[in-house]
Amino acid sequence: MSYHYIHIDDSESLTLLETEDLTCAADELVIDVAYAGINRADLLQRMGFYPPPPDASPIMGLEVAGVVRQAGTDSGFSEGEAVCALVHGGGYATQAIAKATCTLRVPEGIDLSTAACLPEAFITVWYNLIDRARLTRGETVFIHGGISGIGNIAVQLGKAMGCRVIATAGSPEKCATLASIGADISLNYNEAPLAEQCEAQGVFGAVDVVLDMVGGDFEQFNLACLAVDGRIACIGLMRGGQATIDLTQLLMKRATLTGSTLRRLTPDEKARCFRDVAEHMMPLVENGQIVPLMDRTFALADALAAQTYMSTGGHAGKLLLRC
Ligand SMILES: NC(=O)c1ccc[n+]([C@@H]2O[C@H](COP(=O)([O-])OP(=O)(O)OC[C@H]3O[C@@H](n4cnc5c(N)ncnc54)[C@H](OP(=O)(O)O)[C@@H]3O)[C@@H](O)[C@H]2O)c1
């Protein structure tokens, strides 16, 4: 037996357990996990606020990178291939099962820790910025949480598309990191109201797309900073799920307010997103236009310490578990 996984004892206690090796269906893969990405949803799951869907693994972890251990007969993959994948739970483990349609081949020269930063961020960013908010080349995009695991990929995709990128972070140091990954304008949301900062930069009312992971009291700003025909894609609620907005502005700007959660996409929608990111985003990793921002890596057995670190908000970029 070589399968170890992190079990949730309760909200404050996790244990590394061992059981039988995994096996997969014809359209799936078993991956020997090298690294698992840590996501906010994992913290909520540990605390009991984000129960996994009934058909999902109860083990935390939504994305992994590693090597194919068993390839289902219809998967199109081969044993030994380097891959990264979205998993239906079960990522905090030494083995994980992924649908072949939710798996990407890792190009030569890209290490598995880099690859583990990609699946959740790539699909979330692509689906929201491109599919839902219709970001197009040369537009102005505003990204909240620009150095988060998700946000830094959005910043770099925006730059690769020739967009003007405005992004936020919570400290001067994090704003400097934002500038280093390509943001044209970096705003510290703790320093002064974002509307004032945008006015000072001459971009208030000029934003085509907002990638919003904050909501709450910032939602009215999101609407106010938009240009006519602007779009807001909401992916998270770091500042709360309730907001008061001026609907007059929604009308006057012909604005679009949309949102989504990755877990609720259908298998077909996920498969289509994977084809799109394989075609359009993986080449940007291969040619160095997207280099995921990584904060640090923890041992699998230290998953609780890793999640505690994420909850304090001191990190910049992706946190990983070495499995
Ligand atoms: N809808 C979906 O499908 C989907 C998928 C994946 C992730 N998400 C969401 O995307 C967000 C980022 O996820 P992640 O894994 O990349 O997490 P993360 O690295 O911890 O990022 C959280 C980000 O939120 C910012 N933030 C935290 N509190 C804030 C506040 N009060 N005001 C403004 N900004 C604040 C942080 O900025 P500073 O560190 O600079 O303070 C940080 O950049 C989370 O909300 C997550 O739930 C959604």
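Residues numbered from 1 in each chain as written. Predicted model: local features only at pLDDT ≥ 70, side-chain atom pairs only at ≥ 80, totals over all residues. Heavy atoms only, no water.

## Examining the site of the ligand
With respect to spatial proximity, 24 residues lie near the ligand, and among them Gly170, Lys174, Tyr189, Ser260 and Leu262 are the closest. With respect to the ligand, the side chain of Arg40 contributes an N or O atom lying 2.9 Å from an oxygen atom. One nitrogen or oxygen atom from the side chain of Arg239 is found 3.0 Å from a nitrogen atom belonging to the ligand. For the ligand, whose free accessible area comes to 920 Å², the fraction covered by protein is 87%. Of the residues assigned to the shell around the ligand, the class counts are 9 nonpolar, 11 polar and 4 charged. (Near = heavy atom within 4 Å. Polar contact = N/O pair within 3.5 Å; in protein donor to acceptor, adjacent residues only side chain to side chain. Areas by Shrake-Rupley, 256 points an atom, 1.4 Å probe, with all protein chains shown as cover. Nonpolar A, V, L, I, M, F, W, Y, C, P; charged D, E, K, R; others polar.)

## Details of the pattern of salt bridges
Inspection of every chain in the model, using the stated rule, returns 13 salt bridges. Taking the shortest distance from any N to any O, the salt bridge between Lys99 and Glu28 comes out at 3.5 Å. Here Lys99, found in strand 6 (residues 95-99), pairs with Glu28, found in strand 3 (residues 28-37); they are 71 residues apart in sequence, far enough to count as distant. Judged by its relative accessible area of 36%, Lys99 falls in the partly exposed class. Its relative accessible area of 16% is what places Glu28 among the buried residues. With a closest N to O distance of 3.1 Å, Asp131 and Arg272 form a salt bridge. Linking Asp131 in helix 3 (residues 119-132) with Arg272 in helix 9 (residues 267-280), this pair joins segments that are 141 residues apart in sequence. Asp131 gets classed as buried once you look at its relative accessible area, which sits at 17%. (Salt bridge = Lys/Arg side-chain N within 4 Å of Asp/Glu carboxyl O. Helix = DSSP H or I, 4+ residues; strand = E, 2+ residues; numbered from the N terminus. Buried < 20%, exposed > 50% of the residue type's maximum accessible area, 1.4 Å probe, protein only.)

## Some details on the packing of helix 3 against helix 4 (residues 151-160)
At a minimum axis distance of 9 Å, the contact between helix 3 and helix 4 shows a crossing angle of 55°. Taken together, the axis directions place helix 3 and helix 4 in an arrangement best described as oblique. When the axes of helix 3 and helix 4 are compared, the crossing they make is right-handed. Contact residues: helix 3 offers Ala121, Phe122, Val125, Trp126, Leu129 and Ile130, while helix 4 offers Ile153, Ala154 and Leu157. (Axes fitted to C-alpha atoms, helices over the stretch in contact; angles between N-to-C directions. Parallel < 35°, antiparallel > 145°, perpendicular 65-115°, else oblique. Left-handed = near helix turned anticlockwise from the far one by under 90°. Contact = heavy atoms within 4.5 Å.)

## So, the domain arrangement of the chain
For the chain, the assigned domains read domain 1 (3-118 + 292-322) and domain 2 (126-262). Here the C-alpha centre of domain 2 lies 28 Å away from the C-alpha centre of domain 1. In this complex, domain 1 contributes 10 residues to the contact, which on the side of domain 2 involves 11 residues. When domain 1 packs against domain 2, close to 740 Å² is buried across both sides, 65% of that on carbon and sulfur atoms. Summed over the shared surface of domain 1 and domain 2, the result is 0 salt bridges. At the junction of domain 1 and domain 2, the tally comes to 4 residue pairs in polar contact (both at pLDDT 80 or more). (Domains from an automatic or database assignment. Buried area = accessible area lost by both parts, 1.4 Å probe.)

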